[in-house]
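So you can see what is in the structure, the chains are spelled out below.
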Amino acid sequence: MSEIEPSTSEHSTIDLRGIGKRYGSTPVLESIDLSVPAGSKTVIVGSSGSGKTTLLRLLSGFDFPDVGTIRIGREIVAGPGVAVPAHRRGVGHVAQDGALFPHLTVGQNVAFGLDRHERDDRPAIVSELLDLVSLDPVLASRRPDELSGGQQQRVALARAMARKPSVMLLDEPFSSLDTGLRASTRELVSAALTSAGITTVLVTHDRAEALTFGDQVAVLRDGRLAQVGTPTALYCSPTDLATARFLGDVVLLEANASAGQVRCPLGVVARCTSLNGGCTALFRPEQLVIDLLVPGVDAGGIVARIAAAEFQGSSQLLTLEIAGTSGLELPVASGIQYRVGDQVTIHTIGDAIVFPAS
Amino acid sequence: MTRLRHRTPAAIIARAAGVSLLGLVPLGYVVVTAIATGAPTLSALVFRPRVAELLANTAGLVLITVPLCALVGVAAAWLVERTRLAGSRAFGILLVVPLAIPAFVNSYGWVSAVPSLNGLWSGVLVAGLSYFPLVYLPTVAALRRLDPAVEESARSLGVPPLGVFLRVVLPQLRLPILGGSLIIALHLLSEYGAFAMIRFDTFTTAIVDQFRSTFNGPAANALAGVLVLCCLFLLVGESGARGGARYARIGTGSARPAGRTLLGSWAPIAYLFLGLLVALSVIVPFASVARWLVSGGLAIWSDRYLLTALGQTIGYGLVGALVTCLLAFPIAFLAVRFPGRVARVLESINYVTSSLPGLVTALAFVTVAIRLMPALYQTTTLVIVVYLLMFLPRAIVNLRSGLAQVPPGLEEAARSLGRHPLVAFSTVTLRFVMPSALAGASLVFLGIVTELTSTLLLAPNGTRTLAIQFWSRVNDIDYVGAAPYASLMILLSLPVTYLLFARSRSERTAVNSI
């Protein structure tokens, strides 16, 4: 592994300050501040058109910000009067579908960025890198189009790792893969990067990918960072409704805050001193547990009637009628087949997240 | 598809095979005459100083012009497509215009400007300026469809811009460069007028001279045999160099257009290069034609053969294009709907035949007509047959890509809605193929209206196409009288040339079939 050990971690921190970028008169990125700790994995997640690919291109040096400063390690690579181009940044980059050189073999692709003095060891380095991304070294003599999509992505990663970069940028590298292949490729790539200690920035529109891949997640919306934090923090404590919705399913209830308590048809669901009056209580579906009501047994909780049930395979979407609501839609596991008219009880787990009424 | 699939092939194969058999006549003629001449006579005719001289001239022409055209074509394409030069779009169009000027008209323009032109280097100059767009155009098309993410990957791997061009872009341009170079080489072998005008002897000019002095003598046939060998050598060489590599995008690629380079202090040199290229390849011939037109005044337009020539040329062009498209259809249809060895063989025979100089095809049919079907000799039918064989691939390539783009599902949908298979085919598929058929027909039309060599050999007495009239005026040293014919040929060619340009920017068919 000595060949592909990364540089020391102190060079790996990425720091963006006040980044702004326009295409013509359209602002694409505005006031982006972001720090990526050395050796960590940060995911920039956003819907299409949110500016995430542009942000990654600024980091790779394919494009330059109009305002703001980008620092990689100790070096300012973009800023007032500074514009270090891609080939001088020493930053690895894996494009959406790998962007392998179609005229070269897999081995030649992997060896493309190697220095001249490494020429003699080329076959050994190539096999080592292919091994690192869990590819059989015999594939080195194949053409890229003879590989599957997942294999191509791993070759692209091996090619980028050959330069021993301290920073790796991944531009939706799993989005063109089938669902099953996507998860396994993601795990392999993640493991390879972790073992090499490379600071990684991944761009994606897939929320599941964002929450599983990164140590830190940055939600990008309309060119601005909406929230940055750990996956748990973002999922459990989103700072606004849009972020909450983007990262997972939500159940929203009209609520009322008074005397430090937030009350909704499910009872007192949170404590909140900062709000007063109408507000919105947000639950993740897994926070609401329902049980069939057994007549004569007081199981506690709130009683509701099932007004509609839609079978969706592993889950079913129930519409619940609770006194005081206009029907509450809740996805639940398909283990129990509920029928329209069934009475159920609802228990909550943990507090709701409360937002001012929209 | 079952009924259609089971019933149509026999009839279609028969039709396709008929055309392809016709395509075997020129090669057959070369082989048969070689055998008939006998080895001693043949070797006496081939191994003589004159042939060595012609071979040296032709080889020199090819070896100098082709790399030069490749260099100029690629450089121009890169400047137009990948740099931020102001006016790159205008240059992009101007650099295709030479395709609208037949090489012999370009040669006439240059001889008018510099009467002392002659010999190898003049040949290189005139032919290079006529043919470099044949590399330029497919290279532009290829540059436009390269995945920009691939180049960005190279940059992120620490390779500076020049390295990216040499190590990543250029290798991916191998196919258009090789394809364009092959077509240029074949043009160089078959061109007559351009070189005759500057008194530079190649195999083709020598064969035409032989044919005119001794009609159908064994000397001309022996030279034609050597010329055919040269062509086959080029075809095999190109196919070997091309190899089996696949250079298409892997996966979907990136939809972004590629980045453009800011040239900075290199910009003046780039402007000088492009400006000079346009001046030499477009402005010189145009200015010469304009000069003769002005000096001739209105009087030269009252040439009594002018309208006849225009009418005959358009007539030959339209009939030739129609016949070629109709006969190309079965071959294209087989290639798309029933791909396999039969389709491939039938198709490739036509490619080889059209790669042979039109002169050889013409000689073959003159001989065959005189020996076997004298009634056909000196008829328009024979002229059309030769045009057909010369330009068939232009129609096949376009029809094939058109057919391939029609989803068979549409035809099946029409049949499931109660249409008879033939009705479904003609109302759905044929309609979709029409634009491609028209594009193919236009290219055949372009080829015919500027065809000189085989028309000279084959045309019935009294035939006056624009090219023939132009040539007879030039031979009479009546450069003024030739100018209206030259300008009409250019005018007829311009729209089709623009079509080629437009296609190179969107789809990528037809570019390599000129």
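A brief report on the enclosed structure follows. (Residues numbered from 1 in each chain as written. Chains lettered and ligands numbered in written order. Predicted model: local features only at pLDDT ≥ 70, side-chain atom pairs only at ≥ 80, totals over all residues. Heavy atoms only, no water.)

## Considering the nonpolar core
This is how it is decided: To form a nonpolar core, buried Ala, Val, Leu, Ile, Met, Phe, Trp, Tyr and Cys residues must be joined to one another through side-chain atoms within 4.5 Å. Exposed residues in this analysis have more than 50% of their type's maximum accessible area, buried residues have under 20%, and partly exposed residues fall in between, with area computed by a 1.4 Å probe over protein chains only. Helix and strand assignments come from DSSP, with helices taken as H or I runs of at least 4 residues and strands as E runs of at least 2, each series counted from the N terminus.
One finds Leu95, Val105, Tyr108, Tyr136, Leu188 and Phe470 of chain B to be the most contacted residues of the largest nonpolar core, which totals 157 residues. Looking at this core element by element, the count peaks at 15 residues for helix H18 (residues 380-405) of chain B. In this structure, Leu100, Val133, Ala192 and Leu234 of chain A belong to the second largest nonpolar core, which totals 41 residues.

## Quick word on a nonpolar patch on the surface
Under the convention used in this document: A residue counts toward a patch only above 30% relative accessible area and without a salt bridge, and it is joined to like-charged neighbours within 9 Å or, for Val, Leu, Ile, Met, Phe, Trp and Tyr, to nonpolar neighbours within 5 Å. Each accessible area value is a Shrake-Rupley result obtained with a 1.4 Å probe; residue values ignore everything except the protein chains displayed when judging cover. When a carboxyl oxygen of Asp or Glu is within 4 Å of a side-chain nitrogen of Lys or Arg, the pair counts as a salt bridge.
A cluster of nonpolar side chains, Phe286, Leu491 and Leu494 of chain B, forms an exposed patch at the surface whose accessible area comes to about 250 Å². With respect to the element layout, Leu491 of chain B can be found in helix H23 (residues 479-505).

## Looking at the sheet that holds strand E1 (residues 14-23) of chain A
What holds strands together in a sheet is hydrogen bonding between their backbones, with the strands either parallel or antiparallel. All names here are of chain A. What counts, and what does not: In this scheme, strands are said to pair when DSSP sees at least two bridges between them. Here, residues are in contact when the closest pair of their heavy atoms is within 4.5 Å. Interaxial angles span 0 to 180 degrees and are taken between N-to-C directions of axes, which are lines fitted to C-alpha atoms, for helices over the stretch in contact.
Strand order in the open sheet formed by 5 strands is E2-E1-E4-E5-E6, with antiparallel pairing between adjacent strands. With one partner strand each, in any of the chains shown, strand E2 (26-36) and strand E6 (82-83) form the two edges of the open sheet. Pairing analysis gives 2 bridges linking strand E5 (residues 75-79) to E6, with the strands arranged antiparallel. Counterpart to Ala78 in the pairing with E6 is Ala83. Its contacts with the sheet place helix H1 (residues 52-60) against E1, E2 and strand E4 (67-72), and it is angled at close to 120° to E1.

## Remarks on the packing of helix H9 (residues 161-172) of chain B against helix H10 (residues 174-190) of chain B
Residue and element names in this part refer to chain B. Keep this limit in mind: Geometric relationships in this document are graded by angle, where less than 35 degrees denotes roughly parallel, more than 145 denotes roughly antiparallel, 65 to 115 denotes roughly perpendicular, and other angles denote oblique. Three classes are used, and their members are as follows: Ala, Val, Leu, Ile, Met, Phe, Trp, Tyr, Cys and Pro are nonpolar, Asp, Glu, Lys and Arg are charged, and the others, Gly among them, are polar.
One way to put it is that H9 packs onto H10 with a least axis distance of 4 Å and a crossing angle of 50°. Here H10 runs oblique to H9, going by the angle between their axes. On the side of H9, the interface is formed by Leu170, Pro171 and Gln172, while H10 contributes Arg174, Pro176 and Ile177. For the contact of H9 with H10, the per-class residue count stands at 4 nonpolar, 1 polar and 1 charged.

## A closer look at the packing of helix H12 (residues 203-214) of chain B against helix H17 (residues 358-372) of chain B
A pair of packed helices is characterised by two quantities: the angle between their axes and the separation of those axes. Residue and element names in this part refer to chain B. To be explicit about the condition: The hand of a helix crossing depends on one turn: near helix anticlockwise from the far one by less than a right angle means left-handed, and clockwise means right-handed.
Look at H12 against H17: their axes get within 11 Å of each other, and the N-to-C directions meet at 25°. Between H12 and H17, the crossing angle belongs to the class labelled roughly parallel. Crossing handedness for the pair H12 and H17: left-handed. Residues Thr204, Ile207, Val208 and Phe211 of H12 pack against Leu359, Leu363 and Val366 of H17.

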